[in-house]
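Chain by chain, the residues:
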Amino acid sequence: MSGEGVLKLNAEALNAFLRRAFPEGDARQMPSVVEVAEGRVLMKVGFESRQLRPGGLISGPTQMALADTAAYALVLAHIGEVAMAVTTSLTIHFLRGCKPGDLYAEATLLKLGRRIATADILIWTESRERAAAKATVAYAIP
């Protein structure tokens, strides 16, 4: 993506929208947007022991939910508040056990079309260089 003025929502606006869109969610479990830049969003969800699977690692469903939310935030950052943008596919590869800790997801825009947006998402707790998972998510844009 190139050009200036592409971003429609900043981190504050995205966080406010997510709180309005999902009011029944537990505020501690709701991921927050940390940074927004053209073609990129960084999100974080605070650690909670209920995220753990047997064996003491952060569960796959927790990581998948963050990947999906990060892709949604990334798309909205570029198209504005469109509540009906929906996931059409999510493919995830678990690279290593995800140790307990705050969970981060960096979403990078691969393509923003008129009807479909596609993003790569990297997920980690320890460090970006020790990613726990990598996902590709596609969103349908109404």
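What counts, and where the lines are drawn
- Residues numbered from 1 in each chain as written.
- Predicted model: local features only at pLDDT ≥ 70, side-chain atom pairs only at ≥ 80, totals over all residues.
- Heavy atoms only, no water.
- Helix = DSSP H or I, 4+ residues; strand = E, 2+ residues; numbered from the N terminus.
- Buried < 20%, exposed > 50% of the residue type's maximum accessible area, 1.4 Å probe, protein only.
- Contact = heavy atoms within 4.5 Å.
- Areas by Shrake-Rupley, 256 points an atom, 1.4 Å probe, with all protein chains shown as cover.
- Lys, Arg positive; Asp, Glu negative; His and termini not counted.
- Charge placed at Lys NZ, Arg CZ, Asp CG, Glu CD.
- Phe/Tyr/Trp six-rings, centres within 6.5 Å; stacked < 30°, edge-to-face > 60°.
- Pairing = 2+ DSSP bridges.
- Arc of directions from axis to C-beta.
- Polar contact = N/O pair within 3.5 Å; in protein donor to acceptor, adjacent residues only side chain to side chain.

## Quick notes on the overall build of the protein
- Assigned secondary structure in the protein consists of 2 helices and 6 strands.
- Across its three principal directions, the C-alpha atoms of the protein cover 45 × 30 × 25 Å.
- Relative to its 142 residues, the protein shows a buried fraction of 41%.
- Counting contacts in the protein only where the partners sit at least 6 residues apart, residues at least 24 apart contribute 64% of the total.
- Total accessible area on the protein is roughly 7,300 Å²; 53% of this is exposed by carbon and sulfur atoms.
- Measuring between centres, the 16 positive side-chain charges of the protein sit 5 Å from its 14 negative side-chain charges.

## A short note on the packing of aromatic side chains
- Taken as a whole and assessed by the stated rule, the structure comprises 4 aromatic pairs.
- On the basis of an interplanar angle of 75° and a centroid distance of 6.5 Å, the ring pair of Phe22 and Tyr72 is categorised as edge-to-face. Residue Phe22 is found in the loop between helix H1 (11–21) and strand S1 (32–37), and its partner Tyr72 is found in helix H2 (residues 60–79); the two are separated by 50 residues along the sequence.
- For Tyr72, a relative accessible area of 7% gives the class buried.

## Remarks on the pairing of S1
- Examined bridge by bridge, S1 and strand S2 (residues 40–45) share 5 bridges and lie antiparallel to one another. Each bridged residue has a counterpart across the sheet, and for Ser32 the counterpart in S2 is Lys44.
- Between S1 and the antiparallel strand that follows it, S2, lie 2 residues; Gly39 among them carries a positive phi value of about 80°.

## Overview of H1
- Along H1, the positions that sit buried rather than exposed are Ala11, Leu14, Asn15, Phe17 and Leu18. Buried residues along H1 cover an arc of 160° about the axis, so they all sit on one side. The exposed set on the far side of H1, more than 90 degrees from its buried face, consists of Glu12 and Arg19.
- The N-cap of H1, judged by a side-chain oxygen 3.2 Å from the amide nitrogen of Glu12 a few residues on, is Asn10.

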